[in-house]
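# Architecture at a glance
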Amino acid sequence: MRKQIAAANWKMNLTIDKAEALLDDILKENIEPAENGQVVFAVPFPYLMMAAGKLNGKARYAIAAQNCSNKKAGAYTGETSVEILQSIGINYCIVGHSERREYFGEMNQMLAEKVDLCLAQSITPIFCCGEALEVREKEGQNDFVRKQIEDSLYHLSAEQLQKIIIAYEPIWAIGTGRTASTEQAQQMHHFIRSVLAGKWGEEVAGNISILYGGSVKASNAKELFGCADVDGGLVGGASLIAPEFVQIINALKH
Ligand code: PGA
């Protein structure tokens, strides 16, 4: 069975003392996810090593970067390469979050480069896709998301694709408290899986974890994760509150 994943996206929040306390509060619960379960914390860059150190070899827990450069190395002030991430033991990286696309001008082609660099360093990209409200209002979400996948992932081999995680995050549901209904989430996740199946085959598509993101909370996680094609969540706001995120981890399908 494909992996079921609870991924926290802390974004640009928490000073170091609060970040340490939050991680401690969650880890002390000692939740042992099922065999196919995985918990990931995407923390701000300066906390990566601190956070990785706290995991203490827990196999089903990992730390992610929230972004990486699309350049390999060199004179790119302020950027962080996948090689740097790999050298400090980071195995996951969010790629193409809608906030990066919207506020930092990240385009599909650039994201394809980031995905390639991650894969070359054995870092699992958590590739984000999802439409804005005006796209959904015109019922253009399927074409929009298909294009994001085509432009950034279609060049990958089946073997490469199986190393990535996809997160569907409708922009209208991020940080708004407005969650996609289970029907909307399941429909889109099923559609994404059918796009993957069309390109790489049913078996490969069946192995890819597709996370839902957008106002996931303890109160709706179980229902969302219960959808056949939803394999966990990428969680912003609720991942900053220990008891909320603990319940979200516990809501993963077994
Ligand atoms: P949210 O953010 O849970 O606060 O809506 C999700 C995300 O942007 O990854």
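The structure this text deals with has already been given above.
Quick summary incoming for the structure in this document. None of these values were measured; they are calculated from a predicted model.

Now for the sheet that holds strand β2 (residues 37-42). Spatially, β1-β2-β3-β4-β5-β6-β7-β8 is the arrangement adopted by the 8 strands of the closed barrel, whose pairing is parallel. In this sheet, adjacent strand axes meet at a mean angle of 25 degrees when their direction is disregarded. With 2 bridges joining them, strand β7 (residues 210-213) and strand β8 (residues 232-235) adopt parallel strand pairing. Note on β8: the bridge partner recorded for G213 is L234. Each of β5 (124-129) and β6 (165-168) is contacted by helix α7 (residues 141-153), which is oriented at about 150 degrees to β5, the strand it contacts most.

Attention now goes to helix α1 (residues 16-27). Between the first and last C-alpha of α1 there are 16 Å, a value that for 12 residues agrees with the 16 Å anticipated at 1.5 Å per step. Along α1, the residues that are buried comprise A19, L22, L23, I26 and L27. The buried side chains of α1 occupy one side of the element, clustering within an arc of 120 degrees when seen end-on. Projecting away from the buried face of α1 at angles above 90 degrees are the exposed residues D17 and K18. The elements touched by buried residues of α1 are β2, α2 (48-55), β3 (61-65) and α12 (242-250).

This part is about the packing of aromatic side chains. Under the definition given, this model contains 4 aromatic pairs. Where W10 meets F41, the ring centres are 6.4 Å apart and the plane angle is 65 degrees; that geometry is what we call edge-to-face. On the criterion of sequence distance, the pair formed by W10 in the loop between β1 (4-9) and α1 and F41 in strand β2 is long-range, its members being 31 residues apart. Just as W10 is buried, F41 falls in that class too. Ring geometry for Y168 and Y212: centres 6.5 Å apart, planes at 55 degrees, overall tilted. Residue Y168 is located in strand β6, and its partner Y212 is located in strand β7; the two are separated by 44 residues in the primary sequence. On the basis of relative accessibility, which here comes to 0%, the residue Y168 falls in the buried class. Three or more aromatic residues joined by ring pairs form one cluster here, namely W10, F41 and F245. Positioned over the ring face of W200 is K199, at 5.9 Å from the centre of the ring.

Contacts to the ligand come from 13 residues, most closely from K11, H97, E169, G175 and S215. At 2.8 Å, a backbone N or O of S215 approaches an oxygen atom of the ligand. G237 is positioned such that a nitrogen or oxygen atom in its backbone is 2.8 Å from an oxygen atom of the ligand. In the complex, the protein chains occlude 95% of the 280 Å² of accessible area that the ligand would expose alone.

What follows covers the pattern of salt bridges. Scanning the model with the defined rule gives 15 salt bridges in all. As a salt-bridge pair, R2 and D231 come within 2.8 Å of each other at their nearest N and O atoms. One end of the pair, R2, is in the segment before β1; the other, D231, is in the loop between α11 (218-225) and β8, with 229 residues separating them in the sequence. Here R2 matches D231 in class, with each residue buried. The residue R193 makes a salt bridge to D229 at a minimum N-O spacing of 2.6 Å. Highlighted residues: R193 in helix α9 (residues 182-200) and D229 in the loop between α11 and β8, separated in sequence by 36 residues. Shared partners join several salt bridges into a network, and the residues in it are R2, R193, D229 and D231.

Quick look at the nonpolar core now. In this structure, F41, L153, I192, L196 and F245 are the most contacted members of the largest nonpolar core, which totals 73 residues. Sequence-distant contacts of I192, defined by excluding residues within four places in its chain, comprise C129, V145, I149, I166, Y168 and I210. Counting 14 residues, the second-largest nonpolar core is a separate cluster that includes I5, A62, Y92 and C128.

What follows is about the pairing of β8. Residues G232 and L234 of β8 are buried on one face, and the alternating residues G233 and V235, pointing to the opposite face, are buried as well. In the sheet, β1 pairs with β8 via 4 bridges, with the strands oriented parallel. Within the sheet, the bridge partner assigned to A7 lies in β8 and is L234.

Attention now moves to the state of the cysteines. Scanning all chains against the criterion turns up 0 disulfides. C93 takes part in no disulfide bond, and the closest cysteine sulfur, belonging to C68, lies 3.9 Å away. This cysteine, C129, is not joined by any disulfide, and C128 carries the nearest cysteine sulfur, 7.6 Å off. Taking relative accessible area as the criterion, C129 reaches 3% and is therefore assigned buried.

Reading the values: rules and limits
Residue numbers here run from 1 along each chain, matching the order of that chain's written sequence. Under the rules for a predicted model, residues below a pLDDT of 70 receive no local features and side-chain atom pairs below 80 are neither given nor counted, while totals for whole chains, interfaces and linings still include all residues. Remark: hydrogens and water are excluded; side-chain values derive from all non-hydrogen atoms of the structure. Strands qualify as paired when DSSP identifies two bridges or more between them. Starting at the N terminus, helices and strands are each numbered in turn, a helix being any DSSP run of H or I of at least four residues and a strand any DSSP run of E of at least two. To get an axis, a line is fitted to the C-alpha atoms, and for a helix only the part in contact is used. The angle between two axes follows their N-to-C directions and goes from 0 to 180 degrees. Any two residues whose heavy atoms approach within 4.5 Å at even a single point are treated as in contact. Expected helix span is computed as 1.5 Å times (number of residues minus one). The buried label goes to any residue with under 20% of its type's maximum accessible area, the exposed label to any with over 50%, and the partly exposed label to all in between, with areas taken from a 1.4 Å probe on protein chains only. In this description, the arc belongs to the directions extending from the helix axis to the C-beta atoms. Think of it this way: a Phe, Tyr or Trp ring, Trp meaning its six-membered ring, pairs with another when their centres are within 6.5 Å, and the plane angle makes it stacked under 30 degrees, edge-to-face over 60, tilted otherwise. Only Lys NZ and Arg CZ are tested; either one counts as a charge over a ring when it is within 6 Å of the ring centre and within 35 degrees of the ring normal. What makes a residue near a molecule or strand is one non-hydrogen atom of that residue sitting within 4 Å of it. By the criterion applied in these results, polar contacts are pairs of N or O atoms within 3.5 Å in which, for protein atoms, one can donate a hydrogen and the other can accept it, and in which residues neighboring in sequence qualify only through two side-chain atoms. Note on areas: these come from Shrake-Rupley sampling with a 1.4 Å probe, and a residue is covered only by the protein chains present in the view. Definition used for salt bridges: Asp or Glu carboxyl oxygen within 4 Å of a side-chain nitrogen of Lys or Arg. Only buried Ala, Val, Leu, Ile, Met, Phe, Trp, Tyr and Cys residues count toward a nonpolar core, and they belong to the same one when joined by side-chain atoms within 4.5 Å. Two cysteine sulfurs form a disulfide in these notes if their separation is within 2.5 Å.

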